[in-house]
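Structure assessment
The lines below spell out each chain.
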Amino acid sequence: NYEPELIWAFLVNKSLGDLKLTHVSVALNHQSNGRPEPFSRSWNRVYVNSIMAYKNWVFSFRPWYRIPENIEDDDNPDIEDYMGNFDVRLGYKQEDHQFSSVFRSAFDQDNPRSYYELGYSFSINRKFRGYVQFVNGYGESLIDYNYRTKRLSLGIMLNDWF
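I will try to describe carefully the structure that is included in this document.

1. Looking at the pairing of strand E6 (residues 97-105)
Alignment of strand E5 (residues 86-94) against E6, held across eight bridges, turns out to be antiparallel. Bridge assignment links Tyr92 to a residue of E6, and that residue is Phe99. Hairpin geometry of E5 and E6 is characterised by an intervening segment of two residues between the two adjacent antiparallel strands and by a positive phi of about 55° at Glu95. Here E6 pairs with strand E7 (residues 114-123) via nine bridges, running antiparallel. When the bridges of E7 are listed, Ser101 appears paired with Leu118.

Okay, structure coming up:
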């Protein structure tokens with residue numbers, strides 16, 4: 001998947017006790033798989049992301065709006081049914097251990113489809129971290145966004161997200 005985006009990010013740093021709203025961003029996002037028809041998948045959306053911190057926790061809420069396409073040009077008209085219209089990220093850091101999660105859903109009670117990801121990273125040395133990730137749900141990749149994926153991965157992380 002390719003995902004170029006134009007982001008306007010604002011440092012906020014507003015506190016309510018120990019809870020701090022650190023950043024808010026607004027973005028124009030394009031996601032595509034770069035393949036020709038009939039395997040082409042793409043969509044454009046606008047999102048707002050808010051990032052909050054509380055002690056060792058980081059929380060992000062990112063709702064989005066899909067930019068409509070002409071029916072003739074839309075190569076995945078039902079993508080919102082599978083990719084939802086928001087995601088929530090949660091991270092926790094304890095010394096050299098980091099835990100992360102992502103949840104995404106359309107909250108359609110007739111067709112409940114969701115995606116969740118659980119991650120754990122740990123230090124290998126000063127430059128590299130080990131990473132374990134479990135994924136279950138729809139929309140991990142655009143080519144098969146409408147099929148449920150279950151995956152367990154092991155890897156090396158060059159840069160963590162908090």
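Past the structure itself, the notes keep going.
2. Some points on the environment of Asn13
The residue Asn13 is located in strand E1 (residues 5-16) in this model. Residue Asn13 is classed as partly exposed on the basis of its relative accessible area, which comes to 40%. C-alpha of Asn13 to C-alpha of His23: the two residues are ten residues apart in sequence and 7.0 Å apart in space. Sequence-distant contacts of Asn13, defined by excluding residues within four places in its chain, comprise Lys20, Leu21 and Thr22.

3. With respect to the sheet that holds strand E8 (residues 129-137)
Backbone hydrogen bonds are what pair the strands of a sheet, in a parallel or an antiparallel way. An order of E1-E2-E3-E4-E5-E6-E7-E8-E9 is seen for the nine strands of this open sheet, with the pairing classed as antiparallel. The open sheet terminates on both sides in strands that have one partner only, identified here as E1 and strand E9 (149-157). This sheet shows a mean twist of 15° between the axes of neighbouring strands, independent of strand direction.

About the cut-offs
For every chain, the first residue of its written sequence is number 1, and the numbers climb from 1 along that sequence. Where totals are concerned, whole chains, interfaces and linings use all residues; where local detail is concerned, this predicted model gives features only for residues with pLDDT of at least 70, and gives and counts side-chain atom pairs only at 80 or more. The side-chain figures draw on all heavy atoms in the structure; neither hydrogens nor water molecules are used. Strands are treated as partners if at least two bridges between them are detected by DSSP. Only runs of H or I of at least four residues qualify as helices and only runs of E of at least two qualify as strands under DSSP, and these elements are numbered from the N terminus. Under the scheme applied here, a residue whose accessible area is under 20% of the maximum for its type counts as buried, over 50% as exposed, and between as partly exposed, the area being computed with a 1.4 Å probe on protein chains only. Throughout, a residue-residue contact means that at least one pair of heavy atoms, one from each residue, lies within 4.5 Å. Convention adopted: a line fitted to C-alpha atoms gives each axis, helices being fitted over their contacting stretch, and angles between N-to-C directions are expressed from 0 to 180 degrees.

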